[in-house]
Amino acid sequence: LHGGMERWFEPLDPMLPLQPAWAPLLIELGLLFAKVRAPEGGRWFIEAHAFRIDTSDGVGRPTPEGAHRDGVDFVAVVFVGRRGVRGGETRVFEADGPLGVRFTLEDAWTALLLDDPRVVHESTPIQPEDAAAKGTRDTLVLTYRAGGFQAPG
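Note that the structure is predicted; figures quoted are calculated from it, not measured.

Undergrad: I would appreciate a short explanation of the sheet that holds strand 2 (residues 74–83) in the present structure.
TA: The strands making up a sheet associate through backbone hydrogen bonding, with each pair oriented either parallel or antiparallel. An order of 1-9-2-6 is seen for the 4 strands of this open sheet, with the pairing classed as antiparallel. Two strands in the sheet have a free side with no partner beyond their single neighbour: strand 1 (44–54) and strand 6 (111–115). Across this sheet, the average inter-strand angle for adjacent strands is 15 degrees, counted without regard to direction. Both strand 2 and strand 6 contribute to a ladder of 5 bridges, which runs antiparallel. The partner of V75 across the bridge, within strand 6, is L114. Lying over the sheet, helix 1 (residues 22–36) contacts strand 1, strand 2, strand 6 and strand 9 (136–146), oriented at roughly 55 degrees with respect to strand 9.

Undergrad: So what exactly am I meant to see when it comes to the nonpolar core here?
TA: Generally speaking, nonpolar side chains in soluble globular proteins are found buried as a group. Among the nonpolar cores identified, the biggest contains 12 residues, and these are W22, L26, L29, F33, W44, F74, A76, V78, L140, L142, Y144 and A146. For this core, the secondary structure elements donating two or more residues are helix 1, strand 2 and strand 9. In terms of nonpolar packing, the next biggest core, distinct from the first, is built from 9 residues, V72, V75, V77 and V141 among them.

Undergrad: So what exactly am I meant to see when it comes to the environment of D96 here?
TA: Mapped onto the secondary structure, D96 falls in the loop between strand 4 (89–94) and strand 5 (100–104). Measuring from C-alpha to C-alpha, the distance between D96 and R118 comes to 7.5 Å, with 22 residues separating the pair along the chain.

Undergrad: I keep staring at the environment of L105 and nothing clicks. Help me out?
TA: Positionally, L105 belongs in the loop between strand 5 and strand 6. Measuring from C-alpha to C-alpha, the distance between L105 and G88 comes to 7.8 Å, with 17 residues separating the pair along the chain. With sequence-adjacent residues up to four places away left out, L105 is seen in contact with F79, R82, T90, T110 and R137.

Undergrad: Teacher, can you tell me more about the pattern of salt bridges here?
TA: Side chains bearing opposite charge may pair, as long as their charged atoms lie close to each other. Under the counting rule described, the total for this entry stands at 7 salt bridges. Residues D115 and R37 are paired through a salt bridge, measuring 2.8 Å at the closest nitrogen-oxygen approach. In this pair, D115 sits in strand 6 while R37 sits in the loop between helix 1 and strand 1, placing the two residues 78 residues apart along the sequence. Look at D115 and you get buried, because its relative accessible area is 13%. D115 is the partner of R118 in a salt bridge, and the nearest nitrogen-oxygen pair spans 3.8 Å. R118 gets classed as exposed once you look at its relative accessible area, which sits at 58%.

Undergrad: Could you clarify how one ought to interpret the layout of surface pockets in this entry?
TA: Over the atoms, a rolled probe matching the size of one water molecule traces out where space is still vacant. If you add up the space inside the second largest pocket, you get close to 310 Å³. Along its surface, the second largest pocket is lined by 20 residues, and L16, W22, V80, W109 and L140 are the ones closest to its centre. Secondary structure elements with two or more residues in the lining of the second largest pocket: helix 1, strand 1, strand 2, strand 6 and strand 9.

Cut-offs applied
- Residues numbered from 1 in each chain as written.
- Predicted model: local features only at pLDDT ≥ 70, side-chain atom pairs only at ≥ 80, totals over all residues.
- Heavy atoms only, no water.
- Pairing = 2+ DSSP bridges.
- Helix = DSSP H or I, 4+ residues; strand = E, 2+ residues; numbered from the N terminus.
- Axes fitted to C-alpha atoms, helices over the stretch in contact; angles between N-to-C directions.
- Contact = heavy atoms within 4.5 Å.
- Core = buried A, V, L, I, M, F, W, Y, C linked by side-chain atoms within 4.5 Å.
- Buried < 20%, exposed > 50% of the residue type's maximum accessible area, 1.4 Å probe, protein only.
- Salt bridge = Lys/Arg side-chain N within 4 Å of Asp/Glu carboxyl O.
- 1 Å grid on protein atoms, 1.4 Å probe; cavity = no way out; pocket = protein on both sides within 12 Å on 5 of 7 lines; lining within 4 Å.
- Points joined across faces, edges and corners; volume = space filled by probe spheres on them.

Spelled out as structure tokens, the structure:
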């Protein structure tokens, strides 16, 4: 899980759940994932993490742990945007095989949906397009897990 790295996140804006698209996004993704594999007890435990990767140190590392699984049932990576960066290629590979895909998320609100037990994924480092300016890459990661929230460690 995460290459042995424990991650800590700042709390999301408390107004986020009040946004009109928030509940429908979570519900519709949950219904879609349940068509693939229904959660035990009929309930998903959902976590949301906002990732802003920046190039203030010259290079930004979206997945410093490398190719990994998140330890959940399903993952939705919602691409929010990128500004002033190059790189950030997303790579998704079969967990037990040689097949994989590589692409760069560029269109805002594009969503990558992952069946976490079946794949490993990573994103390559980003670099600033202009060495004098900081660049950013933003994503919202939603994880769906049956049976309870993930315990730390």
